[in-house]
Amino acid sequence: MDFLKIAKTRYSVRKYKDTPVEREKLDKILEAGRISPTGANLQPQRIIAVTSKAGLEKLSKGAKTFGASVVLIVCSDKEAAWTRPADGKNIAEIDASIVTDHMMLQATELGLGTLWMCWFKPDIIRTEFDIPESYEIVNLLAIGYADCEPLSADRHNETRKSIDETVIFA
């Protein structure tokens, strides 16, 4: 599968089958995150892979998991991230987002569904998983086997703005 096909195939899955994700597939997904580019290669991402029933129950106190068999809590250690000297911008959140994107697209290539979530209660999740204060919980990535009809890869022709609307050539 070429990259654009993977990107166009991916959609937000909000219903999963009660089928566990194989460990070898999860390992590939985590490897895609590990090799993701980060500012100055500082790799500030910290990922909690929630795979157990007990862990998913704890997570459900602070987020809807939609029945996914894996949810990755993607954090970034702000103290370990690169900061742009010109204005002091810390790019921890950007790095975590790049990592999440790589993992999400790898999951798609492996035939798994994903949901990138930002709607959650970070204080509850931080407490339930004893996440250090220096870690920002950036997002959650639900992963599993979709229990719904996939969206058409051609939907982007209708649902996305044209390049002329989003790109300025200078």
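Residues numbered from 1 in each chain as written. Predicted model: local features only at pLDDT ≥ 70, side-chain atom pairs only at ≥ 80, totals over all residues. Heavy atoms only, no water.

(A) Quick peek at helix α4 (residues 92–109). With 18 residues, α4 extends 26 Å between its outermost C-alpha atoms, agreeing within 8% with the 26 Å of an ideal straight helix rising 1.5 Å per residue. Along α4, the residues that are buried comprise Ala 92, Asp 95, Ala 96, Val 99, Thr 100, Met 103, Met 104, Leu 105, Ala 107 and Thr 108. Check the buried side of α4 and you find it contacts α1 (3–9), α2 (23–34), β1 (45–50), β2 (70–77), β3 (113–117) and β4 (135–144). Gly 111 sits one or two positions beyond α4 and adopts a positive phi of about 85 degrees. (Helix = DSSP H or I, 4+ residues; strand = E, 2+ residues; numbered from the N terminus. Expected span 1.5 Å × (residues − 1). Buried < 20%, exposed > 50% of the residue type's maximum accessible area, 1.4 Å probe, protein only. Contact = heavy atoms within 4.5 Å.)

(B) How the structure looks around the pattern of salt bridges. Scanning all chains against the criterion turns up 8 salt bridges. For Asp 77, the salt bridge identified is with Arg 46, shortest N-O distance 3.9 Å. With Asp 77 in strand β2 and Arg 46 in strand β1, this pair connects stretches of sequence that are 31 residues apart. For Asp 77, a relative accessible area of 10% gives the class buried. The exposure class assigned to Arg 46 is partly exposed, which follows from its relative accessible area of 27%. (Salt bridge = Lys/Arg side-chain N within 4 Å of Asp/Glu carboxyl O.)

(C) Structural view of the pairing of β2. With 8 of 8 residues buried, β2 is to be regarded as a mostly interior element. Here 6 bridges tie β1 to β2, and the two strands are oriented antiparallel to one another. Note that in β2 the partner of Arg 46 across the bridge is Cys 75. (Pairing = 2+ DSSP bridges.)

(D) The layout of surface pockets, seen in detail. Estimated volume of the largest pocket: approximately 210 Å³. Forming the walls of the largest pocket are Leu 4, Ala 7, Lys 8, Arg 10, Tyr 11, Ser 12, Leu 151, Arg 155, His 156, Thr 159 and Arg 160. Elements represented by at least two residues in the lining of the largest pocket include exactly α1 and α6 (156–159). With 3 residues, α1 is the single largest residue contributor to the lining of the largest pocket. Residue classes in the lining of the largest pocket are distributed as 4 nonpolar, 3 polar and 4 charged. (1 Å grid on protein atoms, 1.4 Å probe; cavity = no way out; pocket = protein on both sides within 12 Å on 5 of 7 lines; lining within 4 Å. Points joined across faces, edges and corners; volume = space filled by probe spheres on them. Nonpolar A, V, L, I, M, F, W, Y, C, P; charged D, E, K, R; others polar.)

(E) Broad picture of unusual backbone geometry. Even without being a glycine, Asn 41 presents a positive backbone phi close to 55 degrees. Structurally, the position occupied by Asn 41 is in the loop between α2 and β1. The backbone of Gln 43 sits at a positive phi, close to 50 degrees, despite the residue not being glycine. Residue class for Gln 43 comes out partly exposed when judged on its relative accessible area of 33%.

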